[in-house]
Amino acid sequence: EEEEGGEYEDDEEEEEEVVLFPAKKASMVGNIMGKSRMLSDVVSEVKGIATKATSKGYVALREAKGFFSSDWENVLLVATRPSDQRPGPEHVERMLATIQTFARSMDLYSSSNPYRVTLRKLWAKMCERDWRTVVKAVYMFHQLLAQVEPEDAVIFKTMLEKMGKEVDKKTSERYFNKQRIFDVDDDSQALAPFVKAYGNYVIRRASMFTSQFEELNLLRDGTTLSGDDIVAQLLKAKKLLVAALACQVEPDSEADVTLACLDAVVRDAHTLFMLYDRKLGWIIKHKKKVFAQWDSEEANTLLEHFVKFRKDKLGAFQAFFKDSSALLELYGSKRVPGELLLPATPPYASL
């Protein structure tokens, strides 16, 4: 039986946000604050890309054993073994290469659906107690989310939404329950804050966006998204940026694997902040059309909320990128984003 509160609920207290919405828009607040929707209209355009490939692949769907050779099983075992070393690029490449062989299927109920099997295997590793295995499994999941093709990303996201409502018989927990991921053993407590921050970020990312944040790229001229959905996408981006900023690697948690995770978060956050800035500008430019059904004063109040976040957090993100890139380059990372090439005051600051 599903636990009260639904999937991906926040377990930690967060700073209260005050956002005003028109009374008739009250029903959107649940979606705005990060609750995902099964087969939602928000990603319908992205899913349209996958339709043809999915229908062709479904006929050729094979049993899971055909997708998960002993070689793949060994890759996952080696990639998540309890050591301080990060999973090698060859492990990520092998995982992605395996996913490319999948016959695309939106059958959410087949236990042999390769997308489901992949998620289930990664979840099983996230449920272990050693922080190193947990973080490595989350890292592999993060790389999957960020690097798969958009068509595959849509299927993974949809499958994740369904699995998040189901109870795993082996653990008696809902799949991808964050509290289970955070429950590391006593010897791992020094790294527990990072495990929590990084796990929270990746699970949020998985439930909010596909690949390289394609949903935000739908905010463009000619979009078919409603004003409500446009607002929802920007609010999700804002919430995910806050989660990214929490992924700080303190001196006592520096290890090859935690730095690999930080590297991935920094690259994500840089892309996401730039998208947030650009799409906020687009919304403001087209606000009369976007908010055609809204009271103009209330729409401006909401836009001011978005602009304030950009203004208030720009300095914190600049420091995050500067400090993180210096640390990562010290350990050999290449071309890590070190700053946001954005003015302190955006051109749309005055509404």
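Refer to the structure printed above.
Each chain carries its own residue numbering, running from 1 in the direction its sequence is written. Where totals are concerned, whole chains, interfaces and linings use all residues; where local detail is concerned, this predicted model gives features only for residues with pLDDT of at least 70, and gives and counts side-chain atom pairs only at 80 or more. Hydrogens and waters are ignored; side-chain quantities use all the structure's heavy atoms.

Q: What is the right way to look at the pattern of salt bridges in this model?
A: Any two side chains of opposite charge can pair, on the condition that their charged atoms come close. Each reported salt bridge corresponds to a side-chain nitrogen of Lys or Arg within 4 Å of a carboxyl oxygen of Asp or Glu. Considering all chains together, one arrives at 12 salt bridges under this definition. In this structure, Arg205 and Asp268 form a salt bridge, with 2.6 Å as the shortest nitrogen-oxygen distance. With Arg205 in helix H10 (residues 192–208) and Asp268 in helix H13 (residues 256–285), this pair connects stretches of sequence that are 63 residues apart. The pair Arg205 / Asp268 is uniform in exposure class, with both members buried. The network of salt bridges with shared partners includes Arg116, Lys162 and Glu166. Here a helix means four or more residues in a row that DSSP labels H or I, a strand means two or more in a row labelled E, and each is numbered from the N terminus. For the exposure calls, accessible area comes from a 1.4 Å probe over protein chains only, and a residue counts as buried if that area is under 20% of its type's maximum, exposed if over 50%, partly exposed in between.

Q: I'm lost on the nonpolar core in this one. Help?
A: Soluble, globular proteins show a tendency: their nonpolar side chains are buried together. Residues grouped as a nonpolar core are buried Ala, Val, Leu, Ile, Met, Phe, Trp, Tyr and Cys residues, joined through side-chain atoms within 4.5 Å. Core analysis: the biggest nonpolar cluster contains 104 residues, and Phe141 and Phe176 have the highest contact counts within it. Per-element accounting of this core gives the leading share, 17 residues, to H13. With near-sequence residues (within four places) excluded, Phe141 lies in contact with Leu119, Leu122, Met126, Leu160, Phe176, Val202, Ile203 and Ala206. Any two residues having at least one pair of non-hydrogen atoms within 4.5 Å are treated as being in contact.

Q: Would you take a moment to explain the state of the cysteines for this structure?
A: Every disulfide links exactly two cysteines, by a covalent bond between their sulfur atoms. Put simply, a disulfide is two cysteine sulfurs that come within 2.5 Å. Going through the model one piece at a time under the given rule, you end up with 0 disulfides. Cysteine Cys247 remains unbridged, with the sulfur of Cys261 as its closest cysteine sulfur at 8.7 Å. Take Cys247: its relative accessible area is 0%, and that puts it in the buried class.

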